[in-house]
Amino acid sequence: MSLKSPAFAGTQSTPFDITDRKIAYFSMEIALSKTLPTYSGGLGMLAGDTLRSAADTGLSMVAISLVHRRGYFEQHLDHSGQQTESEVRWSPETTLPSAGQTVTLTMQGREITLCAWRFDVVGVSGHIVPVFLLDSDLEGNDPWDRRLTDHLYGGDTYYRLCQEAILGLGGIHLLRALGCVPEVCHMNEGHAALLSIGLLEARVAPAPLSNATEADAEAVKQQCIFTTHTPVPAGHDKFGLDQMMQVLGADRSAAIERFGALHNDLLNMTYIALRFSRYVNGVSMLHGKVSQQMFPEYPVHSITNGVHAATWISQPFQDLLDKEIPAWRCDNQYFRSVYGIEPEVIEATHQISKHRLLHTVQQRTGVLLDPKVLTLGFARRVATYKRASLVLQSPQRLIEIAERIGGLQILMAGKSHPADNAGKGLIRDIFAVASQLTNSPLSIVYLENYDWELGEQLTNGVDVWLNTPLRPYEASGTSGMKAALNGVPSLSVLDGWWVEGCAENITGWAIENCEDEAIEAERVYDKLENCVAPAFADKPRWARLRRHCIAINGAFFNTHRMLGQYVANAYFPPSVAKAVSNQAIVDDQTEQTILA
Ligand SMILES: *Cc1c(COP(=O)(O)O)cnc(C)c1O
């Protein structure tokens, strides 16, 4: 499909002065707008939310990503839940202003020229964080190279390594060409790790990399920050030394080896990032500790993720907040002040979103759901560790519960990576269960093409957000935070952010993890029937619970707070009081490993 009427077409191509920008944020994916396919899931959403908060809070930031002309795919599901994919093409030429600058670098033993498109993230008071989307589709480039910035997470490992070289090396060279020498470069996930080699090159230029000294490497390290995002091994890109030589060439490969950045004779992006960063963090307290165990030779800190409140709060709630506590847009700590709003008003506001969601479900699927019935939401990338089907382990048990509590509706959504056949099978399994449920007190609806729009409607409108990952693989999770900001409690395994967000019976309910999945599923059913449903039935209590979610979790799990922590701990820490790492904590736990 092609994109319909981008909202920002015709933006003027005036050059943007970034010479004084202090922080450069690098991410392989960034969710910039609902109509641009430049993200796949949580990582890209987090990057976008980070930049939106940076713009709101006036941070001196600039960002780098790739243009992804054929983006991440659109998902289609047939009647049995079989997924097929189609490209989402867009044309930056007719959508965004050009950066007015090209850079040429050598990779794969030949030259490649990159241009860039500028997307302006505009903050609440007009401050702009410009994002430069690198593009290799230029005449004069090798025909194969012109496709390198097309597909997000597409192609084979060779294609991926080329993309990461473009992001890291091309990004640094573009910033230099635009006159920007950032004090801090932030690698959002290991994909961006090669920016360290770009910095090293720029530092010794015009001399070759072989001239770089240990002092140069140390200077680069003092400039870099690295955020790791997953303990799942497949999430840490590794490449063979032959590919490293082919793509990066002898000089860069020699430098990587000489500065001790290889790992187990592989080019491992996480280890390059670790080697060249002065500050490393995981994305929740638990994930920081787990990462510390994975990388004991490097201190790993924790900064828990957040979401951009104004992006994820429903319009009816935004209107209410603008009336009652208008300062929330600049300062999210004001969410605590929702305690000054009557719970019934909060409940009534949520009802508007619930009706809107159920209307969307009916339009998209023809299924008519009941706004009075307890409605759970579960939507995420279909990765096996997220365990979309845990709640469906015993459909009979769920039906019995639904009968006793006056009905139950479950809305699900999620894309499987095109190459993930196990994930695709999981979607078919859910369809198989759902199709058995005619004239049942239980309804399960799987919605096609989980994306920003659907994520917004689901987190705005359901009653309870369900989350059942395999602990400790959910590094943070952010969709439950979006729900909390809309007064929606979570029923979740104690993993990622929920370890910090769960106040039992106040902001939601915890599911204790267990080796045995059947027992874990039983715990979900038990909580649902004996805790969630009785609370839902008690309307005044439920309204207060919604308010707690916003006041307690909304006030903390937002990107305004998160960025403040990055500024204080990572970007510009006071030189005397260095932040405490997780190393001390893990040293105390040598016997007891968190990552089994
Ligand atoms: C928020 C969001 C995610 C990430 O949610 P998790 O809870 O971290 O899995 C992924 N995709 C979309 C479309 C989202 O809106």
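Residues numbered from 1 in each chain as written. Predicted model: local features only at pLDDT ≥ 70, side-chain atom pairs only at ≥ 80, totals over all residues. Heavy atoms only, no water.

### Observations regarding the side chain of aspartate 216
- Mapped onto the fold, aspartate 216 is located in helix H4 (residues 214-221).
- Within the local environment of aspartate 216, its side chain forms a polar contact with the backbone nitrogen of threonine 213, the two atoms lying 2.9 Å apart.
- In contact with aspartate 216, other than residues within four places in its own chain, are Leu200, Arg203, Val204 and Asn211. (Helix = DSSP H or I, 4+ residues; strand = E, 2+ residues; numbered from the N terminus. Polar contact = N/O pair within 3.5 Å; in protein donor to acceptor, adjacent residues only side chain to side chain. Contact = heavy atoms within 4.5 Å.)

### Quick word on unusual backbone geometry
- A cis geometry characterises the amide bond from alanine 205 onward to proline 206, with omega recorded as 5°.
- With respect to the element layout, proline 206 can be found in the loop between helix H3 (195-204) and H4.
- Of note, the amide linkage connecting arginine 471 to proline 472 takes the cis form, showing an omega dihedral of 5°.
- By secondary structure assignment, the location of proline 472 is in the loop between strand E17 (464-467) and helix H14 (479-485).
- For glutamate 189, which is not a glycine, the phi torsion comes out positive at approximately 80°.
- Relative to the assigned elements, glutamate 189 resides in the loop between strand E8 (184-188) and H3.
- A positive phi is found at asparagine 505, a non-glycine position, where the angle reads about 70°.
- Checked against the element boundaries, asparagine 505 lands in the loop between helix H15 (498-501) and strand E19 (508-511).

### Let's talk about the pairing of strand E2 (residues 61-66)
- Burial of E2 is extensive: six of the six residues sit out of reach of the surface.
- What you see with E2 is no split at all: Met61, Ala63 and Ser65 on one side and Val62, Ile64 and Leu66 on the other are buried throughout.
- Note: strand E1 (residues 23-27) against E2, four bridges, orientation parallel. From the neighbouring strand, isoleucine 23 faces E2, where its bridge partner is methionine 61.
- When E2 meets strand E7 (residues 128-135), the two strands line up parallel, connected through four bridges. Residue pairing for E7: alanine 63 is matched across the bridge by valine 131. (Buried < 20%, exposed > 50% of the residue type's maximum accessible area, 1.4 Å probe, protein only. Pairing = 2+ DSSP bridges.)

### Topic: the packing of aromatic side chains
- In the structure shown here, the tally under the stated rule is 17 aromatic pairs.
- On the numbers, 4.8 Å between centres and 40° between planes, the contact of tyrosine 72 with phenylalanine 73 is tilted. For the residue pair tyrosine 72 and phenylalanine 73, the accessibility class agrees, reading buried in each case.
- Here the aromatic rings of tryptophan 497 and phenylalanine 557 are separated by 4.8 Å at their centres, their planes lie at 75°, and the arrangement is edge-to-face. Here phenylalanine 557 lies in the loop between helix H17 (539-554) and helix H18 (559-571) and tryptophan 497 lies in the loop between strand E18 (490-493) and H15, a separation of 60 residues in the sequence. The same class applies to tryptophan 497 and to phenylalanine 557, which are both buried. (Phe/Tyr/Trp six-rings, centres within 6.5 Å; stacked < 30°, edge-to-face > 60°.)

### Here's the deal with the sheet that holds strand E16 (residues 442-447)
- Judged by pairing direction, the sheet is parallel, and its six strands sit side by side in the order E16-E15-E14-E17-E18-E19 without closing on themselves. Unpaired on one side and paired on the other, E16 and E19 mark the two borders of the sheet. The mean inter-strand angle of the sheet, taken between neighbouring strand axes irrespective of direction, is 20°.
- Alignment of strand E14 (residues 375-379) against E17, held across two bridges, turns out to be parallel. (Axes fitted to C-alpha atoms, helices over the stretch in contact; angles between N-to-C directions.)

### Brief notes about the domain arrangement of the protein chain
- When the domains of the protein chain are assigned, the result is domain 1 (5-14 + 24-305) and domain 2 (309-557).
- With 37 residues of domain 1 at the interface, the matching set in domain 2 holds 38 residues.
- At the boundary of domain 1 with domain 2, total buried surface from both sides reaches about 3,000 Å², with 59% on carbon and sulfur atoms.
- Looking only at domain 1, the three residues that lose the most surface to domain 2 are Lys34, Gln75 and Leu286, adding up to 20% of its buried area.
- Our enumeration of links across domain 1 and domain 2 arrives at three salt bridges.
- A salt bridge links lysine 34 to glutamate 456; the nearest nitrogen and oxygen atoms lie 2.8 Å apart.
- On the surface where domain 1 and domain 2 come into contact, there are 16 residue pairs in polar contact (both at pLDDT 80 or more).
- Looking at the side of domain 1 that touches domain 2, the elements that each hand over two or more residues are helix H1 (42-56), strand E3 (74-77), strand E4 (83-86) and helix H7 (285-294).
- Here the residues of the side of domain 1 that touches domain 2 are counted per class, giving 15 nonpolar, 15 polar and seven charged. (Domains from an automatic or database assignment. Buried area = accessible area lost by both parts, 1.4 Å probe. Salt bridge = Lys/Arg side-chain N within 4 Å of Asp/Glu carboxyl O. Nonpolar A, V, L, I, M, F, W, Y, C, P; charged D, E, K, R; others polar.)

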